[in-house]
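Structural overview for review
So you can see what is in the structure, the chains are spelled out below.
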Amino acid sequence: MGKLRTLYDKIWDEHLISDQDGTSLIYIDRHLVHEVTSPQAFEGLRLSGRRVRCPEKTVAVPDHNIPTTGDRETGIKNLESKVQVDALRENAKYFDITYYDVDDVRQGIVHIIGPEQGWTLPGMTVVCGDSHTATHGAFGSLAHGIGTSEVEHVLATQTLIQKKAKNMKVSVSGSLGDGVTAKDVTLSIIGKIGTAGGTGHVIEYTGDVIDELSMEGRMTLCNMAIEGGARAGLVAPDQKTYDYVEGRAMSPKGENWEKALKDWKLLFSDNGSHFDKVISLDGHDIAPVVTWGTSPEDVLPIDSVVPDPHEFNGGKIEAAKRSLKYMGLSPGQRLQDIPIDTVFIGSCTNGRIEDLREVAKVMKGRKVKDGIRAMIVPGSGLVKVQAEKEGIAAQLKEAGFEWRFAGCSMCLAMNPDQLTAGERCAATSNRNFEGRQGRGGRTHLMSPAMAAAAAVTGRLFDVRNL
Amino acid sequence: MEKFSTLEGIAAPLPLINIDTDMIIPKQFLKTIKRSGLGKNLFDEMRFNQDGSEVPSFVLNKKPYRQSKIIVAGDNFGCGSSREHAPWALLDFGIKVVISTSFADIFYNNCFKNGILPIIVPTEDRDNLLDDAEKGSNARLTVNLEMQEIRRPDGSVVSFDIDPFKKQCLLDGLDDIALSLEKEKSIAEFEERQKSCRPWV
Ligand code: SF4
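Residues numbered from 1 in each chain as written. Chains lettered and ligands numbered in written order. Predicted model: local features only at pLDDT ≥ 70, side-chain atom pairs only at ≥ 80, totals over all residues. Heavy atoms only, no water.

With that settled, consider empty space enclosed by the protein. All names here are of chain A. One pass over the full model with this rule turns up 4 cavities of 30 Å³ or more. Estimates place the volume of the largest cavity at around 230 Å³. Around the largest cavity sit 25 residues that line it, and H64, D130, H132, L412 and R436 are the ones nearest its centre. Its residues assigned to classes, the lining of the largest cavity shows 8 nonpolar, 12 polar and 5 charged. (1 Å grid on protein atoms, 1.4 Å probe; cavity = no way out; pocket = protein on both sides within 12 Å on 5 of 7 lines; lining within 4 Å. Points joined across faces, edges and corners; volume = space filled by probe spheres on them. Nonpolar A, V, L, I, M, F, W, Y, C, P; charged D, E, K, R; others polar.)

Spelled out as structure tokens, the structure:
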């Protein structure tokens, strides 16, 4: 019998082309490209007269820059954004890469459309010039973010130079209580391990709670692996994965489907395989959480109070002081007493159909509180259409939400959707860094259900008490 | 890429932990389709007020530190996004070395692709170097990559570890796309194999 291997080991071995003293060349099965981190890479290719090695394994979509209002199809007003999106369209055409343009219903956030179109499949290596590529790990594919030089490297060679990471297991046992979602799980994990807790590791998520999560939930979970410092997160594929993947545009069909299925069933960590680090959580202990500071690790159950910086150690004391000043909060303040101005529901963390259904469920018979600006941005054109079909769009518009077109929107302020200084936002996105949603803007991360509860009450609020 | 061998220069102290890529280069500057010219926006929201005037207390706005070539930073430098604009902005400003106890993976890798040397040292050494960096015009460090040493203003030496392959690439200023393309044959063989055993990829 061979050596016991983790899921990460197996995918790694399968894609290893060469290894010299621990510096490895691995093959990349899928390369997702967006407008922000690719122009310099394409320019590099042109300058050196290189071509894209496998255009058929590469897909491009604009998402970060584009406005989410209906008039975007007639042109992007911000000149720099327009130049970047035009560059992507032009590069995709020149290098013969599949491209979903702004007016294509398949357009959306790169990490939502990858799985949606079946580009992402179990056992693959997937990269994108974007740190939230970790999302695709939900399918049991080794997926991580890369920089622009690496984007150019993958375009030219379909490979990546890598050092093998360490194995880390995060197991979540038991089950989740009412009102507790994948977002609360992933935030709670980061709260526990810290934003550098997974650095140098690939995380595999296991346990009953993970088994029970839907594919959408697993994507939310893996999406934020990077916020825990890990380049990639993984969930071993199971029947839910196969069901999600089956029948998608780029998924294998017929004989190939059977072949693939056989292959995918071998994608799990062998019993007794070695993990360098193991973290365990009990699902029963996880509550709906929100962040209070400017790092995703600044997370607490909603019924807590804002911490005193002196509760921390080392450099975190100064960092927490700075966070509280930026966030306009003081120690001891009840999280539930914090009023908000804005609600943002969307992003590659929580912009999928299941998230919108969750919001619709909470909003049933309720309205967005007067004076609160509340915005829903579906993660893709297809999510938008689906929600419109299910009546979710009509219900939420009626409840007082703005209903937008697909894109990154207010997750990061590169497009017109931004917070103004001091504006406080309940957001379903993944980063609460200073200025992330607009200079001086204050972000509290939470689940879609919790963001809906904030919309109803105008403050941070425990959805279970609604 | 420019070769890196030794560097002598002013080191700026940035003791804050978890300095993220949004701090290093805020997203509004990611709309460029070029690599150059980002230095003026390095640490933009910490360095400048909303009206564009300088924040006098920010270290890179202070006299000797305007010429910094080195940053000594708090733990977990460069966390957040994969934007290579972060090292591009550092480089364009003139920073060629960042010293911390830990770096986020993607940022760490991106540095090497651009001729920036990120150095990991134990907490105690970092804290000593932070003290050195507080010394204004005397905050000069000398970094020798070949020897894997940082020389402090008092003449003492802090040594550091670095992956041999990464070290060599920096020393030689190597383009790793060209290096990988030398393995063309192995890549093609891999693709042939994959076509037969995993035809759906
Ligand atoms: S939604 Fe936010 S985190 Fe996701 S890809 Fe877009 S900007 Fe990045």
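There's more to say after this.
Attention now goes to the pattern of salt bridges. Scanning all chains against the criterion turns up 43 salt bridges over all chains. A salt bridge links D175 of chain B to R50 of chain A, with the shortest nitrogen-to-oxygen separation between them at 3.6 Å. With D175 of chain B in the loop between α6 (164-172) and α7 (176-181) and R50 of chain A in the loop between α2 (39-47) and β4 (58-60), the pair connects residues from two separate chains. Assessed through its relative accessible area of 38%, D175 of chain B is described here as partly exposed. Where E297 of chain A meets K316 of chain A, a salt bridge forms, and the shortest distance between an N and an O atom there is 2.8 Å. Taken as a pair, E297 of chain A in the loop between β13 (289-291) and β14 (299-301) and K316 of chain A in helix α11 (residues 315-327) lie far apart in primary sequence, 19 residues in all. Residues E297 of chain A and K316 of chain A agree in their burial class; the two are buried. Among the charged side chains, a network of salt bridges with common partners joins K82, D86, R89 and D101 of chain A. (Salt bridge = Lys/Arg side-chain N within 4 Å of Asp/Glu carboxyl O. Helix = DSSP H or I, 4+ residues; strand = E, 2+ residues; numbered from the N terminus. Buried < 20%, exposed > 50% of the residue type's maximum accessible area, 1.4 Å probe, protein only.)

Our next topic: the interface of chain A and chain B. Counting residues at the interface gives 73 residues for chain A and 57 residues for chain B. Summed over both sides, the interface between chain A and chain B buries roughly 5,500 Å², with carbon and sulfur atoms accounting for 55% of that surface. The three residues of chain A that bury the most area against chain B are Q40, R53 and R439 of chain A, which together make up 13% of that side's buried surface. Counting every contact that joins chain A to chain B gives 9 salt bridges. Note that E152 of chain A is salt-bridged to R35 of chain B, the shortest N-O span being 3.3 Å. Across the chain A-chain B interface, the total number found is 31 residue pairs in polar contact (both at pLDDT 80 or more). When residues in the side of chain A that touches chain B are grouped by element, the largest group, 7 residues, is from helix α5 (residues 148-157) of chain A. The residue inventory of the side of chain A that touches chain B, partitioned by class, reads 24 nonpolar, 28 polar and 21 charged. (Contact = heavy atoms within 4.5 Å. Buried area = accessible area lost by both parts, 1.4 Å probe. Polar contact = N/O pair within 3.5 Å; in protein donor to acceptor, adjacent residues only side chain to side chain.)

Further remarks concern the side chain of S269 of chain A. Residues and elements named next belong to chain A. Position of S269 among the secondary structure elements: in the loop between α10 (254-264) and β12 (277-282). A polar side-chain atom of S269 sits 2.5 Å from a polar atom in the side chain of E204. The residues contacting S269, other than those within four sequence positions of it, are R5, T6, L7, E204 and F275.

A word on the pairing of strand β3 (residues 30-33) of chain A. Residue and element names in this part refer to chain A. Covered by surrounding structure in β3 are R30 and L32 together with H31 and V33, the residues of both alternating faces. Relative to strand β6 (residues 125-128), β3 runs parallel, the two being bridged by 3 bridges. When the sheet's bridge partners are listed, H31 is paired in β6 with V127. In this sheet, β4 lies alongside β3 in parallel orientation, the contact comprising 3 bridges. (Pairing = 2+ DSSP bridges.)

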